[in-house]
Amino acid sequence: MVAPCVKRRRLLAIQQREEAAARSAAAVRAEEERVINEAAARRLAAEREEEQRKAAAAKKTEATKKKKKEEE
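Fair warning: this is a prediction, and the values are worked out from it, not measured in the lab.

Asker: Got a minute to help me understand the environment of alanine 22 in this structure?
Answerer: By the element assignment, alanine 22 lies in helix α1 (residues 4–71). A sequence separation of twelve residues divides alanine 22 from arginine 34, and the C-alpha atoms of the two residues are 18 Å apart.

Have a look at this one:
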């Protein structure tokens with residue numbers, strides 16, 4: 001027969017291991033979420049930059065067309 005204090009210590013040790021595993025899993029999930037969010041932010045920034053580049057190119061093209069018309 002096992003003494004009650006030994007059982008209590010064993011249960012406490014098991015509980016502590018489970019809590020540590022849960023914290024570790026939560027940390028892994030948080031890190032994965034952070035990486036995903038960073039990738040999404042980079043993608044959105046690249047898309048915005050591409051749109052701005054296209055808008056600037058279109059504006060330049062329009063200005064060139066307008067200048068050619070005025071020269072004619």
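Resuming the write-up.
Asker: Can you walk me through the pattern of salt bridges in this structure?
Answerer: Between side chains of opposite charge, a pair can form as their charged atoms come close. A complete count under the given rule lists four salt bridges for this structure. Of the charged contacts, one joins glutamate 38 and arginine 34 as a salt bridge, the two residues approaching to 2.5 Å between their closest N and O atoms. On the criterion of helical spacing, the pair formed by glutamate 38 and arginine 34 is a turn pair, its members being four residues apart in helix α1. We classify glutamate 38 as partly exposed; its relative accessible area is 36%. Taking the shortest distance from any N to any O, the salt bridge between arginine 53 and glutamate 50 comes out at 2.6 Å. Of the two residues, arginine 53 and glutamate 50 are both situated in helix α1; the distance of three residues between them amounts to about one turn of the helix. Judged by its relative accessible area of 47%, arginine 53 falls in the partly exposed class. For glutamate 50, a relative accessible area of 32% translates into the label partly exposed.

Rules used in this analysis
- Each residue is numbered by its place in its chain's sequence as written, counting from 1.
- In keeping with the model being predicted, local features are shown solely for residues with a pLDDT of at least 70 and side-chain atom pairs are shown and tallied solely at 80 or more, while totals for entire chains, interfaces and linings include all residues.
- The basis for every side-chain value is the complete set of non-hydrogen atoms in the structure, without hydrogens or water.
- Numbered from the N terminus, helices here are DSSP runs of H or I no shorter than four residues, and strands are runs of E no shorter than two.
- By definition, a salt bridge exists where a carboxyl oxygen of Asp or Glu is found within 4 Å of a side-chain nitrogen of Lys or Arg.
- Only protein chains enter the accessibility calculation, which uses a 1.4 Å probe; a residue is then buried when its area is under 20% of its type maximum, exposed when over 50%, and partly exposed in between.

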